[in-house]
Amino acid sequence: MDICVFLPDMTGIQMTLEDGKNATASEIFELVKEELELPASSASIFSLWLTSPLLEVQLKPHHSPFKLTMQWDEFLRKYTVETEDEILRDEPSLVFQRSVYCSRAREEMEADPKVLRLLYQEAVRNVVEGRYPCEEEVYLRLAGLQALETMGAYNPETHTEDIYEKELHQYFPDYVIAHGQKKLSRLFSSTKHPLVYKLVHSHQEFSQKKRESVDIYREYMQICWQFPFYGSAYFHGQIEKPAGVLAKIGIQRNPDTEITVAVNREGIFVIDSSKASLILGLPYEDLSWEYAESGSAKDNPNCQPCLFLQFEATENNTTVTKLLQIFSKEAKLMDALIETCVAILQETEVEPAILKEEHAQAQATPDNADLDCVDAPLPKEKRGQLFKILQSGQLCNKMDKLCLATFSVEGECIDKGNVRTP
């Protein structure tokens, strides 16, 4: 059987398998690792995924990609709300990319250029697809580094403004470009997109210092590692909007907000899909969660299972608890991943002194094939620093955008919001 395994930059590795129908993800992973000449340590960083615009699934070592592909339509009916036509048109790709279970600490001590290049390529893709919402200043720094890696040091004779303008979509998410386009419509002295001049300037800035490709990869990744939601698995969902005046009096229906739920080893993040804006970010230490499914879900295709997130907040100098209800056919997948991440977090914090010693040994032996045992989480202090980012700039928790039920610390319901009983 001839198959193609895609890399993060969407180039592919073609291979022929003698027993393709029964080949496991682990066996194919090893073939890719050998083809790319990756170190043994890469086994704790990467994994094989089946991905499509409708669903993304990280494969376990024993999974058969062929058999799961044959069942893809069934998975889409179970975990998505798409129409039958959309389901039949959808086709998954087998992708070699970062494992959601890999920790930042593990990545940050990686020195192999080939591994860093793959991580860099995946981060670029996530930035451009709007999965890493951040401020324009950060986007420009990332774009400047990317331009340096793609085009080399800035040369005013060959790097014309027209080149940058044609390639804007290779550097920025669509919503950032669209926002700049609105500003452009109000400018009469220029026909170039405002981002063009800013990208040129960023490229010039990073060109002042000579950098090898591996230095660019690491510098780019050091920015991305600061994002609290870095390394997440992504799920589709929806939440209720806070009722406006017309909705409260029954004149206008209050539509739900389409969201992306990002789950990584540190916490859960709710992103407004249409605006690529982070609405809420919670570390596991600060929340409780519960999966729920209505008894009538089988009879009513419009009745989706849900994930409840409960966390503390302060209102009028009083501590209360908030309850957010996320509706999603993928809620069960989210629940399973959260449970696994919390278990990893609890297990790897038991003996930090031993883990610290094993990390030192792993740094001395980068090709150690047993790095899974030292894949420790970030220290609690560093996780706290990451989540402090949520309190500033555009990455703040936007409580006013959420429809939340509110309870006292004693459990008394103060405001039930629009939470529905499953």
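Overview of the structure. It should be emphasised that the depicted structure is a prediction, and the values quoted were computed from it without experimental measurement. In this convention, every chain numbers its residues from 1, walking through the sequence in written order. Since the coordinates come from a predicted model, pLDDT governs what is reported: local features require at least 70, and pairs of side-chain atoms require 80 or more to be given and counted, while whole-chain, interface and lining totals use all residues. Each side-chain value is derived from all of the structure's non-hydrogen atoms; neither hydrogens nor water enter the calculation.

A word on the state of the cysteines
The condition that has to hold: The criterion for a disulfide is a pair of cysteine sulfur atoms lying within 2.5 Å. Only protein chains enter the calculation, and the probe is 1.4 Å; a residue is then buried if its accessible area is under 20% of its type maximum, exposed if over 50%, and partly exposed in between.
According to the stated counting rule, one finds 0 disulfides in the structure shown. You can see cysteine 134 has no disulfide; the closest cysteine sulfur is in cysteine 224, sitting 8.2 Å from it. Relative accessible area serves as the criterion here: at 4%, cysteine 134 is assigned to the buried category.

Quick look at the pairing of strand β5 (residues 93-98)
Selection criterion: By the criteria applied, helices consist of DSSP H or I runs no shorter than four residues and strands consist of E runs no shorter than two, each listed in order from the N terminus. Strand pairing follows a simple DSSP-based rule, namely that at least 2 bridges must link the two strands.
With 5 of its 6 residues buried, β5 lies for the most part within the structure. Examined bridge by bridge, strand β1 (residues 2-6) and β5 share 2 bridges and lie parallel to one another. Bridge pairing links phenylalanine 6 to valine 95 in β5.

A look at helix α1 (residues 25-36)
Convention followed: The span expected for a helix works out to 1.5 Å for each residue beyond the first. By construction, the arc corresponds to the directions joining the helix axis to the C-beta atoms. The contact criterion used is simple: two residues touch if any of their non-hydrogen atoms lie within 4.5 Å.
The terminal C-alpha atoms of α1, which comprises 12 residues, lie 16 Å apart, in line with the 16 Å expected from a rise of 1.5 Å per residue. Ala25, Ile28, Phe29, Val32, Lys33 and Leu36 are the residues of α1 that are buried. Taken end-on, α1 shows its buried residues confined to a sector of 140°, consistent with a single buried face. Seen from the buried face of α1, the exposed residues on the opposite side, beyond 90 degrees, are Glu34 and Glu35. Elements in contact with the buried residues of α1: β1, β2 (12-16), β3 (46-51), α2 (65-70), β5 and α6 (113-128). Just past α1, the residue glutamate 37 takes up positive phi, approximately 55°.

Quick look at the packing of helix α7 (residues 136-151) against helix α10 (residues 194-207)
Which entries qualify depends on this criterion: Structural elements are reduced to axes, namely lines fitted to C-alpha atoms, with helices fitted over the stretch in contact, and the angle between N-to-C directions of any two is expressed from 0 to 180 degrees. Roughly parallel means an angle under 35 degrees; roughly antiparallel, over 145; roughly perpendicular, 65 to 115; everything else is oblique. Note: crossing handedness is left-handed where the near helix turns anticlockwise from the far helix by less than a right angle, and right-handed where it turns clockwise. Polar here means any residue other than Ala, Val, Leu, Ile, Met, Phe, Trp, Tyr, Cys and Pro, which are nonpolar, and Asp, Glu, Lys and Arg, which are charged; Gly is therefore polar.
Two elements in contact, α7 and α10, have axes whose closest approach is 8 Å; the angle formed by their N-to-C orientations is 60°. Here α7 lies oblique to α10, going by the angle between them. Judged by the sense of rotation from one axis to the other, the crossing of α7 with α10 is right-handed. Judged by residue contacts, Glu136, Leu140, Arg141, Ala143, Gly144, Leu145, Ala147, Leu148 and Met151 of α7 engage Leu195, Lys198, Leu199, Ser202, His203, Phe206 and Ser207 from α10. Partitioning the contact of α7 with α10 into residue classes produces 9 nonpolar, 4 polar and 3 charged.

Here we look at the packing of α6 against helix α11 (residues 213-224)
Here α6 crosses α11 at 50°, and the two axes come no closer than 9 Å. In terms of orientation, α6 and α11 fall into the oblique class. For α6 against α11, the interelement crossing comes out left-handed. Within the contact between the two elements, α6 uses Pro113, Leu116, Arg117, Leu119, Tyr120, Ala123, Val124 and Val127 and α11 uses Val214, Tyr217, Arg218, Tyr220, Met221 and Cys224. The residue inventory of the contact of α6 with α11, partitioned by class, reads 12 nonpolar, no polar and 2 charged.

Examining the packing of aromatic side chains
Ring pairs (aromatic) are described by centroid distance and by the angle formed between their planes. To keep things clear, this is the line we draw: Pairing of aromatic rings covers Phe, Tyr and Trp, the last through its six-membered ring, and needs centres within 6.5 Å; plane angles under 30 degrees mean stacked, over 60 mean edge-to-face, and all others mean tilted.
Scanning the model with the defined rule gives 11 aromatic pairs in all. Between tryptophan 72 and phenylalanine 75, the ring centres sit 6.4 Å apart and the planes meet at 90°, which makes this aromatic pair edge-to-face. Here phenylalanine 75 and tryptophan 72 lie together in helix α3 (residues 72-79), a separation of 3 residues that amounts to about one turn. Tryptophan 72 sits in the buried class, given a relative accessible area of 2%. Geometrically, the ring pair formed by tyrosine 120 and tyrosine 217 is tilted, given 5.0 Å between the ring centres and 35° between the ring planes. Of the two residues, tyrosine 120 sits in helix α6 while tyrosine 217 sits in helix α11, which places them 97 residues apart along the sequence. Through a chain of ring-to-ring contacts, three or more aromatic side chains come together here, namely Tyr132, Phe227, Phe229, Tyr230 and Phe269.

So, the nonpolar core
The condition is simple: Nine residue types can take part in a nonpolar core, namely buried Ala, Val, Leu, Ile, Met, Phe, Trp, Tyr and Cys, and a core is a set of them joined through side-chain atoms within 4.5 Å.
Formed by 73 residues in total, the largest nonpolar core has its most connected members in Val5, Ile28, Leu48, Phe96, Phe172, Tyr220 and Phe227. Setting aside its immediate chain neighbours within four residues, leucine 48 contacts Val5, Ala25, Ile28, Phe29, Val57, Gln58, Leu59, Leu94, Val95 and Phe96. In terms of nonpolar packing, the next biggest core, distinct from the first, is built from 27 residues, Val100, Ala233, Ile259 and Ile268 among them.

Focus: α3
Taken together, the buried positions of α3 are Trp72, Leu76 and Tyr79. The buried side chains of α3 occupy one side of the element, clustering within an arc of 85° when seen end-on.

Here we look at the pattern of salt bridges
How we decide: When a carboxyl oxygen of Asp or Glu is within 4 Å of a side-chain nitrogen of Lys or Arg, the pair counts as a salt bridge.
Inspection of the entire model under this criterion finds 9 salt bridges. For glutamate 266, the salt bridge is made with arginine 104, and the minimal N-O distance between the two is 3.0 Å. With glutamate 266 in the loop between β7 (256-263) and β8 (267-272) and arginine 104 in helix α5 (residues 104-108), this pair connects stretches of sequence that are 162 residues apart. Comparing glutamate 266 with arginine 104, the two get one shared label, buried. In this structure, the salt-bridge partner of arginine 117 is glutamate 149, at a minimum N-O distance of 3.4 Å. Of this pair, arginine 117 sits in helix α6 while glutamate 149 sits in helix α7, placing them 32 residues apart in sequence.

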